[in-house]
There are 2 protein chains.
Amino acid sequence: MKVARPIARVIEALQSLPGIGPRSAERLAYHLWRLPEDQVQQIADDIKGLKTMTVSCRECYNISESELCWICEDTGRNPSLVMVVEEPLDVSAMERTGKFDGLYHVLGGVLDPIRGIGPDELRTYELMDRIQLRLEKGSESIEIVLATNPSTEGETTAIYLRKMIVERFPGQPIKVTRIARGLPVGSDLEYADPMTLSRSLEGRIEY
Amino acid sequence: MKVARPIARVIEALQSLPGIGPRSAERLAYHLWRLPEDQVQQIADDIKGLKTMTVSCRECYNISESELCWICEDTGRNPSLVMVVEEPLDVSAMERTGKFDGLYHVLGGVLDPIRGIGPDELRTYELMDRIQLRLEKGSESIEIVLATNPSTEGETTAIYLRKMIVERFPGQPIKVTRIARGLPVGSDLEYADPMTLSRSLEGRIEY
């Protein structure tokens, strides 16, 4: 199929993004083409800005505009409560709940030996350093909430991290927790998969 | 919710596009952020190129890199068969069938009085000029295929154009046709809406 090359290039670029099929890529490309030039220019600049105007927070590795992200900079947050997540996107998701007042630690992925991703490829040692520093600063107790995804890799990573922390800091006042796995709110028992159901049974709380 | 502004800007930009909700916009923004810088740069440049590297074909108003688009330039196509479509996207869709060897005329939209879109806002007069030119060049017969969408506005526009052509060129060898409306291939009578069913009955052909 022949279309003008500038259009074809954008269709191809959009199609390479997750969740955008060939048809939506086409529709989006033509939509963009119809927009006023300054608006298209702005979108292109914004996309470029993603790389040129952001850094990883030097504490938690979340996306940031400055050395320290706005969460790590916030003195109102509890530095002895650290939630370990896979990606910056997970920070956003958790922040939306408004229920977490600790800090984060963005791993940058999960352990995945098949793809060659071991502890060195993630920010695991950086997490240990942060815990060490907190202990040196005299924290009475530290809680590390493991909030990797409830996928095979996420669970493996959580288990690995727990083991690492326990071995690295024996006898220290560190509590390692894992976010609850169970039935999503608004869902139906009838349609839940057996794994989720088992988890919701294992994780049952007194009522 | 606070996220780094470069991310927020891209989320907002993506969200303004059709078919991209807040969640996919977020996911896409973070995906883009994770890509290598040169790739992100390339995507941004491609998007910019949509406006800076394209023009409207001076004949049919399709998106083109040169004054005449590749279809209008193709001498193998029948210049006495012109399909009127709403948007360049429709040209791509029709070209995919490989069944049309005429030329196109991209209206640039449909009549929509509520939004202030009348015949002056579309390329209606440009269509009349093209027909006029074809007649002057001595075409034995011209067919204009009205291929606006089978929506209320598309139908209204098709009716309007037919009337305009008939009134403007009385007694001339011009055939005005409309693409068939009916049941989509692979669909189910049972699930078809009454309008589509009526159209498929009205448009029935000898078998």
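Position labels on residues start from 1 in each chain and follow its written sequence. Chain labels run from A onward and ligand labels from 1 onward, assigned in the order the entries are written. Only residues with pLDDT of at least 70 are given local features in this predicted model, and only at 80 or more are side-chain atom pairs given and counted; all residues enter the totals for whole chains, interfaces and linings. Where side-chain values are given, they derive from all heavy atoms of the structure, hydrogens and water being excluded.

Between helix H3 (residues 37–52) of chain A and helix H1 (residues 5–15) of chain B, the least distance of the axes is 8 Å, while the angle of their chain directions is 140°. Crossing hand, H3 of chain A versus H1 of chain B: left-handed. Touching Ile 43, Asp 46, Ile 47, Gly 49 and Leu 50 of chain A of H3 of chain A are Pro 6, Ile 7, Arg 9, Val 10 and Ala 13 of chain B, all from H1 of chain B. Charged residues are taken to be Asp, Glu, Lys and Arg, nonpolar residues to be Ala, Val, Leu, Ile, Met, Phe, Trp, Tyr, Cys and Pro, and polar residues to be all remaining types, Gly included. The class makeup of the residues in the contact of H3 of chain A with H1 of chain B is seven nonpolar, one polar and two charged. Lines fitted to C-alpha atoms define the axes here, with helix axes fitted over just the stretch in contact, and angles between the N-to-C directions of these axes take values from 0 to 180 degrees. Secondary structure elements follow DSSP: runs of H or I no shorter than four residues count as helices, runs of E no shorter than two count as strands, and numbering proceeds from the N terminus. Crossing chirality is assigned from the near helix's rotation relative to the far helix, an anticlockwise turn below a right angle marking it left-handed and a clockwise turn marking it right-handed. Should any heavy atoms of two residues lie within 4.5 Å, those residues are counted as being in contact.

We now examine the interface of chain A and chain B. Often, the extent of an interface is quoted as the loss of accessible area upon association of its parts. Listed per partner, the contact involves 51 residues of chain A and 51 residues of chain B. The junction of chain A with chain B conceals about 5300 Å² of combined surface from both sides, 69% of it contributed by carbon and sulfur atoms. Three residues, Trp 33, Leu 50 and Lys 51 of chain A, lead the burial of chain A against chain B; their summed loss comes to 14% of the area buried on that side. Any Lys or Arg side-chain nitrogen located within 4 Å of an Asp or Glu carboxyl oxygen qualifies as a salt bridge. Between the two partners, chain A and chain B, sit 10 salt bridges. A salt bridge links Glu 26 of chain A to Arg 96 of chain B; its shortest N-O distance comes to 3.1 Å. By the criterion applied in these results, polar contacts are pairs of N or O atoms within 3.5 Å in which, for protein atoms, one can donate a hydrogen and the other can accept it, and in which residues neighboring in sequence qualify only through two side-chain atoms. The interface formed by chain A and chain B holds 15 residue pairs in polar contact (both at pLDDT 80 or more) in total. By buried area we mean how much accessible surface two parts lose on assembly, using a 1.4 Å probe and totalling the loss over both.

On to unusual backbone geometry, then. Even without being a glycine, Tyr 61 of chain A presents a positive backbone phi close to 70°. Relative to the assigned elements, Tyr 61 of chain A resides in the loop between strand S1 (55–56) and strand S2 (63–64).

All right, on to the sheet that holds strand S3 (residues 78–85) of chain A then. Residue and element names in this part refer to chain A. Between any two strands, at least two bridges found by DSSP are needed for them to pair. Judged by pairing direction, the sheet is parallel, and its four strands sit side by side in the order S4-S3-S5-S6 without closing on themselves. What marks the edges here is a single partner per strand, and that holds for strand S4 (102–106) and strand S6 (174–178). Across the sheet, the mean angle from the axis of one strand to that of its neighbour is 25°, orientation sign disregarded. With five bridges joining them, S3 and S4 adopt parallel strand pairing. Residue pairing in the sheet places Val 84 in a bridge with His 105 of S4. Against the sheet, helix H5 (residues 88–97) touches S3 and S4, its axis set at about 155° to S4.

Right, let's get into the domain arrangement of chain A. Boundary definitions for the domains trace back to an automatic or database domain assignment. Under the domain assignment used here, chain A contains domain 1 (5–52) and domain 2 (76–178). The centre of domain 1 of chain A, based on its C-alpha atoms, is set 36 Å off from the matching centre of domain 2 of chain A.

The next point concerns the side chain of Arg 77 of chain B. Residues and elements named next belong to chain B. By secondary structure assignment, the location of Arg 77 is in the loop between helix H4 (70–73) and strand S3 (78–85). To sort residues, take the accessible area from a 1.4 Å probe on protein chains only and compare it with the maximum for the residue type: under 20% means buried, over 50% means exposed, and anything in between is partly exposed. Since its relative accessible area comes to 10%, Arg 77 is described here as buried. Looking at Arg 77, its side chain comes within polar contact range of the main-chain oxygen of Phe 100, at 2.9 Å. A polar contact of 2.8 Å, which involves the side chain of Arg 77, links it to the backbone oxygen of Gly 102. Setting aside chain neighbours within four positions, we find Arg 77 in contact with Trp 70, Ile 71, Glu 95, Phe 100, Asp 101, Gly 102, Leu 103 and Tyr 104.

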